[in-house]
Amino acid sequence: MGKYIVAGGKRLNGHVAVHGSKNAVLPIMAATVLTGAQSVIHNCPDIADTRCSIKILRHLGCDVDYDGYTLVVNSANADGIALPEEAVNKMRSSIIFAGALLGRFGVVDSAYPGGCLLGGRPIDLHLQAFCQMGVVFEDALDVIIGKADKLAGARINLAFPSVGATQNIMLAAVLACGTTTITNAAKEPEIVDLQGFLNACGADVRGAGTGIIVINGVKTLMPAEYTIMPDRIVAGTYMVAGAITGGHISLSNVRPPDVYPMAKALSNMGVDLWGEGEMLVLKSGGRLKSLPRLVTKPYPGFPTDMQAQFTALLATTSGQSAVEENLFEARHAHIAELAKMGANIELVGDSRFIINGAARLHSADVTAKDLRGGAALVLAGLNACGETTVHNACYIQRGYVDIAADLCSLGADVRLA
Ligand code: UD1
């Protein structure tokens, strides 16, 4: 499975460029199925989830070429409607292909994506929305088989601003007959990126980034070339790397509004940050302050995907902090691992943590249980005295092209073994 060996205690000083966004590229890869044409996508991060999506695209009959940065997908000859079960089990977000298959062929056949370590992760909002657009699902327990004679636009009010459901509806609606309006839509920057790609292909989508998205169905799409947005969670992870080591670092390919919630939290802790264009500079020193209450919320709130990394950072501050996880009911597997490194964190229920800051963490043998929790352990290792081993590197590789190389450019001593 591989492991990261982190020799802690180095004050980071250096520069790194942030790679393309995982959560933006996955729905855009699904969208390439809709076009029936060639899509050229730049800044496509070479992570495990991209490789898994390439397998899905090929399984569906698309021609795919990828050099580790630019992805070329030609979906002219695509004819598959069934998602490979192995991919659905491995990558829950492959459900995003459902909207694209329904939009292109009016049919989808997929295994049911189960829950994961973060919680149950239902897809009821996706399925309800498809039904409103005219899809009829077979009555089956663990497979999703849906068909629509003609997908029709609909007014869909989401009970919760789900990122995946918003994207799936957008994909299904692009070629549907008539207008689809999504209210209480997710506002994440990755939704705006999906709109950007779809419109580059000739779709008519407006409102992404607000709570109301309007999609006027069009008859056909065309070839397009698009560049994926930078990964705001990778940027946030490296911002924490600077802060947790008392470092002075700069990051390029960062869009300041995307990282504002993380920058604001760091600033409240006593970290200096300044930006110019797509460059962010961070300077940290001395013992950082605790945060009385850090609450995860849908965008523009503080992202759940940064909760674990900040929990590691808060474990090294001068006082008591409280973290509330509001998106996923069981996102806390990193707590027990951080405790092995000397972190003093009390779990109150499943989603509230009370963190009593310690002067410094110590090295330990720890195991990544999920992607962002794994990244948090690497960050804790940067702070710790001694050599920390983080097992299950494969989880971290789902979302970071090469976290060891990036952290080494910032002056850290991290290697993959
Ligand atoms: C996406 C991101 C993930 C991020 C999350 C929240 C991708 C590939 N993944 O996941 O990194 O942590 O947004 O920002 O972009 N829910 C339901 N029913 C549904 C759909 C969702 O109850 O039909 C619930 C989920 O269980 C969860 C909450 O809504 O508690 C948020 O989920 P959602 O916004 O859909 O997250 P994902 O799209 O799965």
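Below, the structure is looked at part by part. The structure displayed is predicted, hence computed values, not measured ones. (Residues numbered from 1 in each chain as written. Predicted model: local features only at pLDDT ≥ 70, side-chain atom pairs only at ≥ 80, totals over all residues. Heavy atoms only, no water.)

### Quick word on the overall build of the chain
Convention followed: Comment: elements are numbered from the N terminus, with helices defined as DSSP H or I runs of at least four residues and strands as E runs of at least two. When a residue's accessible area, from a 1.4 Å probe over protein chains only, is under 20% of the maximum for its type it is buried; when over 50% it is exposed; and in between it is partly exposed. In summary, the charge assignment counts Lys and Arg as positive and Asp and Glu as negative, without counting His or the chain termini. Taken as the charge centre is NZ of Lys, CZ of Arg, CG of Asp or CD of Glu, depending on the residue.
Scanning the chain for helices and strands turns up 14 helices and 23 strands. For the chain, the C-alpha atoms occupy an extent of roughly 65 × 40 × 40 Å along the three principal directions. The buried share of the chain, reckoned over its 417 residues, is 59%. A distance of 6 Å separates the average location of the 33 positive side-chain charges in the chain from that of its 37 negative side-chain charges.

### Some points on the sheet that holds strand S22 (residues 387-391)
What counts here: A strand pair is defined by DSSP finding two or more bridges across the two strands. For helices, the axis comes from a line fit to the C-alpha atoms of the stretch in contact; other axes are also lines fit to C-alpha atoms, and the angle between any two N-to-C directions lies between 0 and 180 degrees.
With mixed pairing, the four strands of this open sheet are ordered in space as S21-S22-S1-S23. Either end of the sheet is taken by a strand with one partner, and the two such strands are strand S21 (365-367) and strand S23 (413-416). Geometrically, the sheet is characterised by an average inter-axis angle of 20 degrees between neighbouring strands, direction not taken into account. Across four bridges, strand S1 (residues 3-7) lies against S23 in antiparallel orientation. Looking at S23, one finds that Ile5 is bridged to Arg415.

### Points about the pattern of salt bridges
For the record, the criterion: We count a salt bridge whenever a side-chain nitrogen from Lys or Arg sits within 4 Å of a carboxyl oxygen from Asp or Glu.
Under the definition given, this model contains 11 salt bridges. Measuring nitrogen to oxygen at the nearest pair gives 2.8 Å for the salt bridge that ties Glu190 to Arg232. Here Glu190 is found in helix H7 (residues 189-200), whereas its partner Arg232 is found in helix H8 (residues 232-244), with 42 residues between them in sequence. Given the relative accessible area of 4%, Glu190 is considered buried. Arg232 gets classed as buried once you look at its relative accessible area, which sits at 9%. Through salt bridges with shared partners, one network takes in Lys22, Asp49 and Arg398.

### Notes on the environment of Ile335
As for its position among the elements, Ile335 is in helix H11 (residues 333-340). The spacing of Ile335 and Ala312 is 23 residues in sequence and 8.6 Å in space, taken between C-alpha atoms.

### Concerning the sheet that holds strand S12 (residues 212-216)
Heads up, the rule is: Contact definition: two residues touch when any of their heavy atoms are within 4.5 Å.
Pairing is mixed in the open sheet, where four strands are placed in the order S9-S10-S12-S11. Strands with a single pairing partner mark the edges of an open sheet, and in this sheet they are strand S9 (155-157) and strand S11 (204-206). Across the sheet, the mean angle from the axis of one strand to that of its neighbour is 10 degrees, orientation sign disregarded. Sheet strands in contact with helix H6 (residues 163-173) are S9, strand S10 (179-183), S11 and S12, and its direction is about 170 degrees off that of S10. Lying over the sheet, H7 contacts S11 and S12, oriented at roughly 155 degrees with respect to S11.

Nothing here speaks to function; it is geometry throughout.
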